[in-house]
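Reading the structure
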Amino acid sequence: MRSLVRWAARLYPAAWRARYGEEMEALLEDVGPGGGDLWDVLRGALFMQMTSLSFGKILAGCTLAGVLAAGVWSLAQPNRYVSTAVVRISIANPATGGPADLEETMGHMQAVQQDTFSRSSLASIIVQQNLYANERNRLPLEEVIREMRTRHLRMQSVNESGTAFVVSFENENPAAAQATLRAIVSSMAEHDVRVSKRQGNGTAIMEVLDPASLPAQPAGPNRMLAIGGGLGAGLVLGLACGAIWWITRRKGRRSIMRIGGFAGAGMALGLAVAFLIPNEYVSTAVLRTADGSRLPSTMAEVMSEDSLAAIIRRDHLYSRDLSRSSMHDVVRKMRDEYIRLQTVQVRPRFKGAAFTISFRYSDRVVAQTVTRDLVTRFLTITGEPLSATDVIDSASLPQEPIYPNRLSMAVLGTVAGILLGLGVSLFRLAKLATA
Amino acid sequence: MSDPTLLVLASLAEGEKHGYAMMEDIQRFAGVRLGPGTLYGAITRLEERGWIRGLESDDRRRPYAITGAGRQYLEEQLATLDQVVKTAMRRLRPA
């Protein structure tokens, strides 16, 4: 125990040890320290370290901690490899025999991309290539596909005419990145044929100019950027901690209590607000029509008061709102706030158009049911039906709420509380100085 | 009374003492055992405020003595405490 307590005594600041170190050691020899003394010495060392701090030390310590944490984090991240392939699409005009119109080629390519990147197509590639094994264990496949589509899969035009594209896929394993990209390019070729048949345009030829590469060098993570981020975050944290230290040093325990109290109250308020707000889920579907010119009128019909009122009645939506306001107001609220129709692509000279329908609701199953209802209305509308409309992605069943983000709200409340506590303490210090 | 600074001042009011002697003395007259960290925390604060001073010594066990300012501070604190004790005792007596 004595050696442990002597070790604890070394935790005092160097300046303090230079003055009192020998005396303290002699005292420890005399008393024959026990477990209680170990705790007492540790507490004393911590207190002395706190009182010997300076604004510069705090700032430097936090910045160093930020850099170290970011460095360790970035080293813990696996390398990411990007495999790339280049494909070109050309369509022969059946009338002239020459190349088809550029708009038509672009429209064709976008249709191929939409089909290849659709939920069902990517799901089969994920299963076939055994990708995202860990993610699939903890997340629904829907989320995994969204992650793949938005973060790891890219398609970019590389020439001015927009007929050649770089397709890339990112993975931790270079061989898996290459194999997956090969599967994606094969899937594009299959969809190319299907789109040609469906749209009845000229013969589309998809050439693979560069096959899927086997990446030798990792493309990420950018460790320098992560360390830079850690440096910035450490500086901000250091400034905040330095300000707290500066105030508490002048007003001691009362300021610590005040800032802590405000931070706790802010966190409690943030959490209370977050838990009072009901969860909201979004279900989304993607549709494509061969004739985009009729889309605005069809959308207007689907979103009409009669159409939405029928959905509200059928799915028993907004019963509380209906008891307080008229159906007209509830429909308007549903149309303006809860339904989102977004056109993915409408080209002036390309007739086709793809669009997403999403519906936000507090019950995830109801959100899916209503989105499905809206999709059905688009397909069966009687006024001006859309020609050759197909569902690329059917209405999704959301697993996680998109709102509210409770952790962010709690953090925001805590930060606001700390800032308010700091503000009040500074105000009181200024008032005391004036007095 | 468990304020370590007052206990150290009260111990040194009798005469100069090193750390271990203060610890033993305080335990004897107040029934409180100050840990090494608490004792040296109080000694550091008291020396910074000029209420005690360390004496030159060849031994590692440096003795400390109370200063005039320290004595005055102790007297003021004890007077306040005395007032509190007297009032409390009077109030505790049956009417």
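Going by the structure above, here's the rest.
Since the model is a prediction, treat every value here as computed from it, not as a measurement.

1. Side note on the nonpolar core
By size, the foremost hydrophobic cluster in this structure holds 30 residues, and its most contacted members are A:Ala9, B:Val8, B:Leu9, B:Leu39, B:Ile43, B:Leu46 and B:Ile52. When contributions to this core are tallied by element, the ones reaching two or more residues are α1 (2–9), α2 (14–31) and α3 (35–51) of chain A together with α1 (4–12), α2 (19–30), α3 (36–48) and β2 (64–66) of chain B. In this view, B:Leu46 contacts B:Thr5, B:Val8, B:Leu9, B:Trp51, B:Ile52 and B:Gly70; residues no more than four positions away in its chain are not counted. Counting residues in each nonpolar core, the second largest holds 27 residues, with A:Ile125, A:Ile126, A:Phe165 and A:Ala212 among its members.

2. Comments concerning the packing of helix α12 (residues 305–314) of chain A against helix α14 (residues 327–338) of chain A
Residue and element names in this part refer to chain A. For the pair α12 and α14, interaxial distance at closest approach is 10 Å and the crossing angle is 95°. Relative to α14, the element α12 lies roughly perpendicular. When α12 is examined against α14, the residues Glu305, Leu308, Ala309 and Ile312 are found in contact with a partner set consisting of Met327, His328, Val330, Val331, Met334 and Arg335. Looking at the contact of α12 with α14 residue by residue, the class counts come to 7 nonpolar, 1 polar and 2 charged.

3. Observations regarding the interface of chain B and chain A
Each partner contributes to the interface: chain B provides 13 residues, whereas chain A provides 18 residues. Those elements that place two or more of their residues in the side of chain B that touches chain A are α2 and α3 of chain B. The element contributing the most residues to the side of chain B that touches chain A is α3(B), with 6 residues. Residue composition of the side of chain B that touches chain A, by class: 4 nonpolar, 6 polar and 3 charged.

4. What about the sheet that holds strand β2 (residues 153–157) of chain A?
Residues and elements named next belong to chain A. Here 4 strands make up an open sheet; going across it, the order is β2-β3-β1-β4 and the pairing antiparallel. The outermost strands of the open sheet, each flanked by one partner alone, are β2 and β4 (204–210). Mean inter-strand twist for the sheet, computed between neighbouring axes without regard to direction, equals 25°.

5. A few points about unusual backbone geometry
Glycine aside, the phi torsion of most residues is negative, and most peptide linkages are trans. Residues and elements named next belong to chain A. At the junction of glycine 220 and proline 221, the peptide bond is cis and its omega measures out at 0° in the coordinates. The topology assignment puts proline 221 in the loop between β4 and α10 (223–276). The phi angle at asparagine 130 is positive, at roughly 50°, despite the residue not being glycine. When you line up the elements, asparagine 130 lands in the loop between α6 (119–129) and α7 (133–138). Positive phi values are uncommon outside glycine, yet tyrosine 132 reaches one of about 50°. Tracing the sequence through the fold places tyrosine 132 in the loop between α6 and α7.

6. Quick notes on the packing of α1(B) against α2(B)
Residue and element names in this part refer to chain B. Two elements in contact, α1 and α2, have axes separated by 10 Å at closest approach and are oriented at 100°. On the basis of the axis angle, α1 is roughly perpendicular to α2. Facing α1, whose interface residues are Leu7, Val8 and Ser11, α2 presents Met22, Asp25, Ile26 and Ala30. When its residues are assigned to classes, the contact of α1 with α2 shows 5 nonpolar, 1 polar and 1 charged.

7. Some remarks on the environment of A:Val424
As for its position among the elements, A:Val424 is in helix α16 (residues 406–434). Taking C-alpha positions, A:Val424 is 8.5 Å from A:Arg258, a pair spaced 166 residues apart along the chain.

8. Focus: the pairing of strand β1 (residues 81–91) of chain A
All names here are of chain A. Judged from the 8 bridges that link them, β1 and strand β3 (residues 164–171) form a sheet pairing that is antiparallel. Each residue of the ladder has a partner; that of tyrosine 81, found in β3, is asparagine 171. Here β1 pairs with β4 via 6 bridges, running antiparallel. Opposite valine 86, over in β4, you have aspartate 210 as the bridge partner.

Conventions we followed
Residues numbered from 1 in each chain as written. Chains lettered and ligands numbered in written order. Predicted model: local features only at pLDDT ≥ 70, side-chain atom pairs only at ≥ 80, totals over all residues. Core = buried A, V, L, I, M, F, W, Y, C linked by C-beta atoms within 7 Å. Buried ≥ 20, exposed ≤ 12 C-beta atoms within 10 Å, placed from the backbone. Helix = DSSP H or I, 4+ residues; strand = E, 2+ residues; numbered from the N terminus. Contact = placed C-beta atoms within 7 Å. Axes fitted to C-alpha atoms, helices over the stretch in contact; angles between N-to-C directions. Parallel < 35°, antiparallel > 145°, perpendicular 65-115°, else oblique. Nonpolar A, V, L, I, M, F, W, Y, C, P; charged D, E, K, R; others polar. Pairing = 2+ DSSP bridges.

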